[in-house]
Amino acid sequence: SPELTVIWEVIKREKDQEKCRTMVRELLGRPESQGGCKVISVEKLRASLAALAEEREDDSLQNMWFATTSEGIDIRPGLLDKESPTAMSLGDNCVHALMAGRTGSGKSVALHGIITGMMFQYAPWELNINLADFKIVEMSKYGNTTKAPHVEKIAATDGMEYVLSMMYDMYEKMDIRQKVFAALGVQKLSQYRKEFEVALPREILIVDEFQQMYELATPKQAEIINQLIKMITKLGRATGYHLFFTSQSMTGTVRADVLANFKLRLCLPASEEVSSMVLGNRAAAELTGSKSRGYVIANAEGGMTDFNKEFWVPLIKEGEASAKKDEDRGDLENILRINASLAEMVGFDKGMDFYREEALRPLWGDLDSLEKDFAAFYANTRNALKEDDETEDFLLLGDSCVYARLPGKNSSLEYTPIKFG
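Keep in mind the model is a prediction, meaning the values are calculated, not measured. (Residues numbered from 1 in each chain as written. Predicted model: local features only at pLDDT ≥ 70, side-chain atom pairs only at ≥ 80, totals over all residues. Heavy atoms only, no water.)

### Describing the packing of aromatic side chains
The way to describe two aromatic rings as a pair is by their centre distance and the angle between their planes.
1) Next: The final tally for this structure, using the stated rule, is eight aromatic pairs.
2) Next: On the numbers, 5.3 Å between centres and 35 degrees between planes, the contact of Tyr 192 with Phe 196 is tilted. You can see Tyr 192 and its partner Phe 196 sitting in helix α7 (residues 189–196), four residues apart, about one turn around the helix.
3) Next: According to the relative accessible area criterion, Phe 196 is buried, its value standing at 6%.
4) Next: By way of ring pairs, the aromatic residues Phe 210, Tyr 214, Phe 245 and Phe 262 are connected into one cluster.
5) Next: Taking NZ or CZ as reference, Lys 82 lies 5.4 Å from the ring centre of Trp 312, over its face. (Phe/Tyr/Trp six-rings, centres within 6.5 Å; stacked < 30°, edge-to-face > 60°. Helix = DSSP H or I, 4+ residues; strand = E, 2+ residues; numbered from the N terminus. Buried < 20%, exposed > 50% of the residue type's maximum accessible area, 1.4 Å probe, protein only. Lys NZ or Arg CZ within 6 Å of the ring centre and 35° of its normal.)

### Things to note about the packing of helix α4 (residues 107–121) against helix α13 (residues 331–346)
1) Next: In contact at an axis separation of 11 Å, α4 and α13 are set at 20 degrees when each is read in the N-to-C sense. Put simply, α4 runs roughly parallel to α13. Crossing geometry of α4 relative to α13 is assigned as left-handed. Contacts between α4 and α13 involve His 112, Thr 116 and Met 119 from the former and Leu 332, Ile 335, Leu 336 and Asn 339 from the latter.
2) Next: Counted by class, the contact of α4 with α13 contains four nonpolar, three polar and no charged residues. (Axes fitted to C-alpha atoms, helices over the stretch in contact; angles between N-to-C directions. Parallel < 35°, antiparallel > 145°, perpendicular 65-115°, else oblique. Left-handed = near helix turned anticlockwise from the far one by under 90°. Contact = heavy atoms within 4.5 Å. Nonpolar A, V, L, I, M, F, W, Y, C, P; charged D, E, K, R; others polar.)

### Things to note about the confidence of the model for the protein
Reading predicted coordinates in detail is not appropriate for stretches of low pLDDT.
1) Next: Taken over all residues, the pLDDT of the protein has a mean of 84, while the share at 70 or more is 85%.
2) Next: Per-element mean pLDDT across the protein ranges from 47 in strand β13 (residues 401–404) up to 96 in α7.
3) Next: Below pLDDT 50 for its whole length, residues 400–412 participates in 16 contacts with residues either more than four positions away or in separate chains. (pLDDT = per-residue confidence, 0-100.)

### Let's talk about the layout of surface pockets
1) Next: Its boundaries defined by the atoms lining it, the second largest pocket holds a volume of some 640 Å³.
2) Next: Every residue lining the second largest pocket is counted, 24 residues in all, and those nearest its centre are Thr 116, Gly 117, Phe 120, Ile 316 and Ile 335.
3) Next: Secondary structure elements with two or more residues in the lining of the second largest pocket: β1 (72–80), α4 and α13.
4) Next: The leading source of residues in the lining of the second largest pocket is α4, at five residues. (1 Å grid on protein atoms, 1.4 Å probe; cavity = no way out; pocket = protein on both sides within 12 Å on 5 of 7 lines; lining within 4 Å. Points joined across faces, edges and corners; volume = space filled by probe spheres on them.)

### Some thoughts on the side chain of Asp 208
1) Next: With respect to the secondary-structure elements, Asp 208 resides in strand β6 (residues 202–208).
2) Next: When near neighbours in sequence (up to four residues on either side) are disregarded, Asp 208 contacts Lys 107, Leu 111, Ala 132, Asp 133, Phe 134, Glu 138, Met 139 and Thr 246.

### Overview of the pairing of strand β4 (residues 127–133)
1) Next: The element β4 is extensively covered by neighbouring structure, given that seven of its seven residues are classed as buried.
2) Next: The alternating pattern of β4 places Leu 127, Ile 129, Leu 131 and Asp 133 on one face and Asn 128, Asn 130 and Ala 132 on the opposite face, and all of these are buried.
3) Next: Where β4 meets β6, seven bridges bridge the pair, whose relative direction is parallel. In the sheet register, Leu 127 faces β6, and the bridge partner there is Arg 202. (Pairing = 2+ DSSP bridges.)

What follows is the structure, given as structure tokens:
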């Protein structure tokens, strides 16, 4: 299915529900170039999977992208009791998830395992993954050398403005979905998919070390974050939007009433305080000795000890992403390459927004650079504008800031951050 912002523009002025449904069916029946559905041949997907499995001499690759997110997303922390690969679900019951663990407990490996598990199970038209990483390193790996086809946005930054824009964009799209569902008389994502026979992806926002989000935010930004989280947790169930936050500490983060919406809880080895706050019991504090790294306790039933599930986290080996041999690249890079190859083989392409601070070029020092940026922006949008009359180019101007160059002197300067949309 096209994103519902497209559909909303078609039906937003129509009050009659049946007419809305007819208009949407007509739109979905059009080719992608006219705003309709993108079509991927099942036969082509099967043939591509078989070719990929033969090329890489791995029969398990024929089982990739086998599941649907219509009813929810399977989160796979590892092997239950070190034996069976059991899933915990994000759906109508548990909409959002929280994971914690102390330094050295294997939290990053567990997170990579969960993300790559989703990539193996779901096709990129089933799931949009958005990543935010305030330490910049871990989540950057999904866009540095090989772009993961499932990933829509990466915020490898401690700049709160961009992370807030990610969350706000997520809320806006979620709000549009709710309006479209109401206009069509459907209650939730799964019903829309079934009635209109299209794949509309679920969206998940994964924020690594989310406690830093609050440490870096101003009081005003922290309040906006809480409001956005509250709205996303409120509307996420019906619209297919999910939050997955990870942290070492819970101090000074989400308010208790908002935290209650994160029903699926996972905790690697941690202090008794963190274990009790996250799981609702002290089980993660008891992961000691041989279990002090690479084990995670999951609980989706409000902390009742009987519902604890102990998972062993498989190791995802790191390597050199630029290496030429598979064994030297490491597991994560190879998984990304396999997914990217399969997406290319079936003709699926999704743009990625990758905000990485070290890639930014400062404007100061050469006044001509600003004019060159405007010129490049203008030139790059001409073709798109000629092809589609409804496309617009725009600049988003951030809050202007005023500061005095010298104390007590009337020589204040003003600047406005410029972002291209």
